[in-house]
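If you want the building blocks of each chain, they are given just below.
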Amino acid sequence: MLTDGDPFAPPDEIRPRVDEALVLTIALHFVPTLFGQIDKITEAQRARGADDLPTARESRAFRGARHRTRLHQLRLTWEDLVASLIVLVAVLSIFALSRGT
């Protein structure tokens, strides 16, 4: 004997929830848009000649952070130590409060 409701409806165990179906639908909706944007970016980079990136970097004398010079040499000061101590105390306090001790 059939119960109340639609006899052709799937059982509750396999019926997708509305929020999951909505997320999936929205995600699938934006896949073509995403691929379109990727194509536009690729075409723009190709138009600017960015296909040969290593050659472009070398021609502009870009050698990376290891070879970069600085105007001022960075030094550890007492203000840095105080700020580090304050951050450490704050992190430990938050950790202790979250553990309930």
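Not measured: the values here are computed from a predicted model.

**Q** A description of the overall build of the protein chain should follow, citing residues and the corresponding values.
**A** Along the backbone of the protein chain there are 3 helices and 0 strands. Secondary structure of the protein chain in N-to-C order comes out as α-α-α. Relative to its full complement of 101 residues, the protein chain shows a buried share of 2%. Per element, the accessible surface of the protein chain, about 10200 Å² overall, is 64% carbon and sulfur.

**Q** Describe helix α1 (residues 18-47), naming the residues involved and giving the relevant values.
**A** With 30 residues, α1 should cover 44 Å at 1.5 Å per step; its first-to-last C-alpha distance of 44 Å lies within 8% of that length. Considering bend angle alone, the principal kink of α1 is centred on Val 31 and spans about 30°; proline Pro 32 follows within four residues of it.

**Q** Which residues make up a nonpolar patch on the surface, and what values do they have?
**A** Side chains of Leu 24, Leu 28, Val 31, Leu 34, Phe 35 and Ile 38 sit close together on the surface and give an oily, nonpolar patch of about 570 Å² of accessible area. You can call Leu 34 exposed: its relative accessible area is 52%.

**Q** Go over helix α3 (residues 78-99) with me, naming the residues and quoting the values.
**A** When the terminal C-alpha atoms of α3 are compared, their 32 Å separation across 22 residues agrees well with the 32 Å that a helix rising 1.5 Å per residue should span. After α3 finishes, the residue Gly 100 shows a positive phi value of roughly 80°.

**Q** If you had to explain the confidence of the model for the protein chain to someone new, which residues and values would you point to?
**A** Predicted confidence across the protein chain gives a mean pLDDT of 79, with 73% of residues reaching 70 or more. The element-level mean pLDDT for the protein chain is lowest in helix α2 (residues 53-59), coming to 70, with α3 highest at 93.

Cut-offs used in this document
- Residues numbered from 1 in each chain as written.
- Predicted model: local features only at pLDDT ≥ 70, side-chain atom pairs only at ≥ 80, totals over all residues.
- Heavy atoms only, no water.
- Helix = DSSP H or I, 4+ residues; strand = E, 2+ residues; numbered from the N terminus.
- Buried < 20%, exposed > 50% of the residue type's maximum accessible area, 1.4 Å probe, protein only.
- Areas by Shrake-Rupley, 256 points an atom, 1.4 Å probe, with all protein chains shown as cover.
- Expected span 1.5 Å × (residues − 1).
- Bend = angle between axes of the 7 residues up to and from the residue.
- Patch = residues over 30% accessible without salt bridge, like charges linked within 9 Å, V, L, I, M, F, W, Y side chains within 5 Å.
- Salt bridge = Lys/Arg side-chain N within 4 Å of Asp/Glu carboxyl O.
- pLDDT = per-residue confidence, 0-100.

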